[in-house]
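# Architecture at a glance
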Amino acid sequence: MRRTSLASSRTRYACGLSALTTDEPDMEAFARAIALEAAAIDAGFALLFFSQSLVEASALSQALMTHAPGLDHAGCSTAGEITPQGLEDGHVLAMLLPSAAFTTASVMVDNLSSSGMDRITSEVEALRRSLRVRLGCDRTKGTFALCFIDGLSYAEEAVSSAIHWGLDDIPLLGGSAGDDLKFETTRLISNGKVTSDSAIIVLIATEIPFHVFKTDNFVPTDEKLVVTASDPDHRIVREFNATNAAEEYAASVGIVAQTLTPLSFASHPVVVKVGGEYYCRSIQKMHPDGSLSFFCAIDDGVVLSIAQPKDMVESTRAALRDVEERLGGIDMILGFDCVLRRLDARNRQVFRDISELYRVNNVIGFGTYGEQYRSMHLNQTFTGIAFGARQAAE
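Residues numbered from 1 in each chain as written. Predicted model: local features only at pLDDT ≥ 70, side-chain atom pairs only at ≥ 80, totals over all residues. Heavy atoms only, no water.

Per the UniProt entry, the sites bearing "domain: FIST C-domain" (unreviewed entry) are residues 245-375 in this numbering. Here residues 245-375 is 38% helix and 30% strand, with 29 Å between the C-alpha atoms at its ends. (UniProt positions renumbered as here; feature names shortened; annotations may be inferred. Helix = DSSP H or I, 4+ residues; strand = E, 2+ residues; numbered from the N terminus.)

This is the structure:
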């Protein structure tokens with residue numbers, strides 16, 4: 001791996017992928033750097049993750065269309081970035097995929113709020129046909145799918161499920177677009193289009209060995225919260241156990257309701273049991289009436305358990321060690337990391353440790369409002385795809 005200084009930083013990996021980052025708002029300069037690097041490695045596709053605090057999606061999209069018009073691309077706004085230097089805020093990250101090692105096909109599905117799930121599944125099936133044509137063969141081995149979804153769409157569960165249904169046995173992972181914890185508007189970009197209320201699906205075939213995984217750091221306790229009054233369409237819970245939601249939650253975790261913050265929710269997650277496994281159902285914020293907004297789908301009758309956090313650094317390190325053993329060495333990882341993990345890491349004063357763990361394991365990606373993993377939409381989880389070195393595939 002070698003680094004050089006452009007208007008941005010550049011990192012090339014043994015598997016052929018290249019990452020460029022900048023914290024400068026000049027998207028013309030960054031797009032020129034992308035175009036140069038894309039030409040140098042013959043990149044056929046770029047993934048882009050950007051902070052809206054640094055740059056508007058339209059400025060990035062226009063600069064790419066001007067300076068790299070032939071480069072297909074897709075990406076979204078973030079709630080923090082993971083660069084080759086570790087956890088960052090206020091950056092733009094581009095990940096370039098060389099044509100020699102990666103074949104891609106992508107589609108943007110807009111108007112999620114009015115889309116039937118059948119439409120999404122049929123888009124995925126069309127995408128698979130498109131990839132088969134590009135590959136010149138009918139293979140799914142060595143293929144994975146990425147998805148990026150508007151993190152304020154209230155649609156991630158249905159969309160993830162519909163995509164998974166159309167993928168058959170192709171593994172899916174991804175992240176919900178964020179907006180630096182403002183909870184106003186997220187943006188997705190794809191080949192010159194800039195939208196909200198949309199999802200992007202990218203199918204990627206490669207000979208590079210890879211492994212898809214997830215990790216979290218909580219264990220359920222016996223403390224139960226039953227949803228007794230909710231607004232499922234807006235993911236709002238009004239009551240737990242027939243009591244005001246914020247008050248009942250606060251009492252269960254030993255906090256005064258009036259002092260609840262996003263840090264409280266990150267430090268004291270709630271989980272739901274699905275098919276024998278526990279999944280996080282993270283709380284986004286408290287409203288003045290004591291109701292609680294969630295990052296994930298919620299409904300009356302859902303039984304949640306208060307979770308006890310484990311050591312985030314050690315659980316993440318153990319997960320990465322397991323991935324390394326499975327692959328025979330990690331070259332780099334594309335990761336989708338829940339923003340609540342980032343908040344919790346700061347709260348527990350392990351932010352630098354997590355950042356360093358990501359840096360030494362060559363993790364790049366972004367902070368999400370939710371993670372997609374196979375058919376599930378998750379919270380407070382790190383999902384990732386690890387690539388081995390090119391040599392291991394030969």
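That shown, we press on.
The subject of this paragraph is the sheet that holds strand β27 (residues 376-378). Strands sit in the order β9-β14-β10-β11-β26-β27 across an open sheet of six strands; the sheet is mixed. Each edge of the open sheet is held by one strand with a lone partner, namely β9 (102-109) and β27. For this sheet, the mean angle separating the axes of adjacent strands, direction not counted, is 20°. As judged from the seven bridges shared by strand β10 (residues 143-150) and strand β14 (residues 199-206), these two strands associate in the antiparallel manner. Pairing of A145 across the sheet is with L203, part of β14. Helix α3 (residues 117-135) rests against β9, β10 and β14 of the sheet, and its axis sits at about 155° to β9. Strands β10, β11 (172-177), β14, β26 (371-373) and β27 of the sheet are contacted by helix α4 (residues 156-167), whose axis makes an angle of about 160° with β10. (Pairing = 2+ DSSP bridges. Axes fitted to C-alpha atoms, helices over the stretch in contact; angles between N-to-C directions. Contact = heavy atoms within 4.5 Å.)

Within helix α8 (residues 339-347), seven of the nine residues are buried, which leaves it mostly tucked inside the rest of the structure. Those residues of α8 not exposed but buried are V339, L340, R341, R342, L343, D344 and A345. Remark: Q349 follows α8 within two positions and exhibits a positive phi of approximately 60°. (Buried < 20%, exposed > 50% of the residue type's maximum accessible area, 1.4 Å probe, protein only.)

The subject of this paragraph is the layout of surface pockets. The space that makes up the largest pocket amounts to roughly 210 Å³. Lining the largest pocket are 15 residues; nearest its centre among them are E157, P232, A297, I298 and D299. (1 Å grid on protein atoms, 1.4 Å probe; cavity = no way out; pocket = protein on both sides within 12 Å on 5 of 7 lines; lining within 4 Å. Points joined across faces, edges and corners; volume = space filled by probe spheres on them.)

Here L131 lies in helix α3. Linking L131 and L36, residues 95 residues apart in sequence, is a C-alpha distance of 26 Å. Not counting the four nearest positions on each side in its chain, L131 is found in contact with T103, T104, A105, T143, L203 and A205.

Below, the discussion takes up unusual backbone geometry. The backbone of F183 sits at a positive phi, close to 55°, despite the residue not being glycine. Turning to its location among the elements, F183 is positioned in the loop between β11 and β12 (188-190). Its identity is not glycine, yet Q349 carries a phi of approximately 60°, on the positive side. In this fold, Q349 is placed in the loop between α8 and α9 (351-360). For Q349, a relative accessible area of 71% gives the class exposed.

This next bit is on the sheet that holds strand β24 (residues 332-338). Strand order in this open sheet of six strands is β7-β6-β25-β24-β28-β15, and the pairing throughout is mixed. The open sheet terminates on both sides in strands that have one partner only, identified here as β7 (86-88) and β15 (210-215). Sheet twist, expressed as the average angle between the axes of neighbouring strands with direction ignored, equals 15°. Note that β24 and strand β28 (residues 382-387) share six bridges and pair antiparallel. Its bridge partner lying in β28, I333 is registered against A386. Against the sheet, α8 makes contact with β6 (81-83), β7, β15, β24, β25 (363-368) and β28, and its axis sits at roughly 80° relative to β24, the strand it touches most. Along the sheet, α9 contacts β6, β7, β24, β25 and β28; its crossing angle with β7, the most-contacted strand, is approximately 120°.

Most often, soluble globular proteins keep nonpolar side chains buried together rather than apart. Counting residues in hydrophobic clusters, the biggest one holds 57 residues, and the most contacted among them are L146, F148, F240 and Y249. The dominant element in this core, judged by the number of residues it contributes, is helix α5 (residues 245-253), at five residues. Every residue in contact with Y249, bar those within four places of it in the chain, is listed here: L225, F240, L260, S264, F265, H268, V270, I283, L292 and I306. (Core = buried A, V, L, I, M, F, W, Y, C linked by side-chain atoms within 4.5 Å.)

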